[in-house]
Amino acid sequence: MHDILPEEVGRWQFLEATTRERFAHYGFREIRTPLLETTDLFARSVGASSDIVRKEMYTITRGDTSISLRPESTAPVVRAFIEHSRHRGIAAGYPERLFYIGPMFRYERPQKGRQRQFHQIGVEVLGGEEALIEAETIEMVWGLLKRLRIESIELQLGTVGDVNCRPKYREALREWLLSRVADMCEDCRRRADENPLRVFDCKVEADRQMLIDAPTMGAFLCAPCDAHFSSVKQHLDTLGVPYVEDARLVRGLDYYRRTVFEITAAGLGAQNAILGGGRYDGLVRELGGQDVPGFGFAMGMERTVMLIPDEILPASTIDVSLIALGTEGHHAAIGLAQRLRGQGVSVQIPMSDRPMGAQLKRADRVDARFALFVGQDELKSGHYGLKDLRSGKQERLDEAGLVARLRTKEDGGA
Ligand code: HAM
């Protein structure tokens with residue numbers, strides 16, 4: 001679990017602001033759910049045999065209730081959707097579009113790009129079966145990554161079928177695996193029987209080699225699932241989003257039906273998935289709600305902020321560093337700082353009378369845009385010396401002129 005220090009927090013705020021703006025253009029609205037949910041909610045959605053539920057949850061028992069820090073937010077959002085009867089607000093063709101930003105918790109082995117407390121930006125679209133939902137939502141986040149100037153990204157797209165065709169595939173895969181258990185790692189032996197699709201998550205090289213010949217979902221897809229997948233791809237083509245089909249894409253959560261996808265980026269090391277998601281028709285009903293289909297994804301914020309290039313981050317947060325000369329200058333500067341702040345200018349002023357050199361050093365340290373000098377001469381003439389710390393240019397301005405100048409903050413004319 002990491003602290004996010006003031007020097008880094010600008011990247012996070014930039015990511016959040018850019019996301020909020022883009023998602024709003026697609027009609028997404030924010031939802032905030034509690035950090036804790038009943039443990040049972042995750043077992044019933046993410047899956048009792050998933051790694052997340054089996055070994056990664058932080059669980060607290062209070063009396064006879066067991067609650068867990070959320071390892072993800074699809075289940076909490078679906079729970080809230082059901083609890084507040086949100087299905088009443090959706091109409092055919094117009095699903096509910098939700099997004100969330102916040103911390104998630106998984107007791108995993110920490111490594112680069114993997115923390116125990118991490119943050120996700122996620123979206124959930126509830127109330128539509130149309131393939132355009134997948135395509136439009138993926139295009140939204142693809143465009144977001146482009147806007148953040150994250151290059152070398154790849155969209156992997158697959159389908160896991162539905163309740164009709166997936167069980168047949170699962171059975172075929174299980175049989176194939178069980179005839180080879182002797183050669184597999186211990187984890188895969190357990191997976192082969194309990195949750196065969198999970199074997200594709202295996203990191204053991206020998207197992208991966210063996211799995212190249214394993215049967216894949218494609219051959220087992222029923223006609224409606226096949227048509228749906230084609231339709232998703234067609235819409236992505238229309239929207240100009242490139243993808244790579246991946247017949248072995250399995251996700252670590254059990255609620256997916258039909259479309260699944262991930263976006264990976266170069267430069268992240270082993271944990272190269274910036275985001276992942278898929279369709280989860282059936283989940284709302286399974287958790288006690290109506291028959292409402294769903295689709296969504298979540299993006300890992302730690303991984304994303306690492307990839308945002310410095311050049312596009314907004315610069316300095318301090319406009320003006322006041323350089324107060326002498327006791328009288330310092331005294332006058334206190335009121336001046338207050339008035340400038342009232343005009344929307346950000347101002348730094350030392351808390352006591354300090355030598356000029358120290359004050360200039362501090363202006364440099366916080367990357368202030370201007371140094372504003374307040375000393376005897378300035379107080380007598382009512383004109384202040386303003387130095388642009390980027391260009392080195394100096395001006396003398398009265399207070400009205402200062403306000404006008406600092407509120408525009410542009411390089412200005414003369
Ligand atoms: P997930 O694949 O488990 O999906 O997580 C989504 C993303 O969260 C990952 O691609 C990764 O970037 C980030 N992430 C996951 N675990 C960690 C970790 N320990 N440290 C850092 N980053 C991490 C879900 O959570 C689903 N709820 C997504 C979804 C929404 N599906 C449908 N709707």
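Now for a description of the structure that goes with this document. (Residues numbered from 1 in each chain as written. Predicted model: local features only at pLDDT ≥ 70, side-chain atom pairs only at ≥ 80, totals over all residues. Heavy atoms only, no water.)

Section: the sheet that holds strand E4 (residues 65–69)
Working step 1: The antiparallel open sheet is built from 3 strands, whose spatial order is E2-E4-E3. For this open sheet the edge positions go to strand E2 (36–38) and strand E3 (59–62), each flanked by a neighbour on one side alone. Sheet twist, expressed as the mean angle between neighbouring strand axes with direction ignored, is 35 degrees.
Working step 2: Pairing of E2 with E4, which is carried by 3 bridges, proceeds in the antiparallel orientation. In the sheet register, Glu37 faces E4, and the bridge partner there is Ser68.
Working step 3: On top of the sheet, helix H2 (residues 39–47) reaches E2, E3 and E4; it is set at about 75 degrees to E2, its chief contact. (Pairing = 2+ DSSP bridges. Helix = DSSP H or I, 4+ residues; strand = E, 2+ residues; numbered from the N terminus. Axes fitted to C-alpha atoms, helices over the stretch in contact; angles between N-to-C directions. Contact = heavy atoms within 4.5 Å.)

Quick word on the site of the ligand
Working step 1: If you check the shell around the ligand, you find 26 residues, and the closest are Glu72, Glu108, Gln115, Glu124 and Tyr256.
Working step 2: Arg106 has a polar side-chain atom sitting 2.9 Å from an oxygen atom of the ligand.
Working step 3: At a separation of 3.0 Å, an oxygen atom of the ligand approaches a polar side-chain atom of Gln120.
Working step 4: With the chains in place, 95% of the 660 Å² that the ligand exposes on its own is no longer accessible.
Working step 5: At the level of elements, strand E6 (117–126), strand E10 (273–279) and strand E11 (294–300) are the ones that each hand at least two residues to the shell around the ligand.
Working step 6: Its residues assigned to classes, the shell around the ligand shows 10 nonpolar, 9 polar and 7 charged. (Near = heavy atom within 4 Å. Polar contact = N/O pair within 3.5 Å; in protein donor to acceptor, adjacent residues only side chain to side chain. Areas by Shrake-Rupley, 256 points an atom, 1.4 Å probe, with all protein chains shown as cover. Nonpolar A, V, L, I, M, F, W, Y, C, P; charged D, E, K, R; others polar.)

A look at the side chain of Lys233
Working step 1: Take Lys233: it is sitting in helix H9 (residues 223–239).
Working step 2: Lys233 sits in the buried class, given a relative accessible area of 14%.
Working step 3: Within polar-contact distance, the side chain of Lys233 engages the side chain of Glu245 at 3.1 Å.
Working step 4: Apart from residues lying up to four places away in sequence, Lys233 is in contact with Leu157, Tyr243 and Glu245. (Buried < 20%, exposed > 50% of the residue type's maximum accessible area, 1.4 Å probe, protein only.)

Side note on the sheet that holds strand E5 (residues 96–105)
Strands in a sheet are paired, the pairing made by backbone hydrogen bonds, and the direction either parallel or antiparallel.
Working step 1: Judged by pairing direction, the sheet is mixed, and its 8 strands sit side by side in the order E1-E5-E6-E11-E10-E9-E7-E8 without closing on themselves. Strands with a single pairing partner mark the edges of an open sheet, and in this sheet they are strand E1 (29–30) and strand E8 (244–245).
Working step 2: Looking at chain direction, E5 and E6 are connected through 10 bridges and run antiparallel. By the bridge assignment, Gly102 is partnered in E6 with Gln120.
Working step 3: Across the sheet, helix H4 (residues 74–83) lies against E5 and E6, angled at about 45 degrees from E6, the strand it touches most.
Working step 4: Strands in contact with helix H5 (residues 131–147) are E5, E6, strand E7 (153–159), strand E9 (259–265), E10 and E11; relative to E11, the strand with the most contacts, it is inclined by about 15 degrees.

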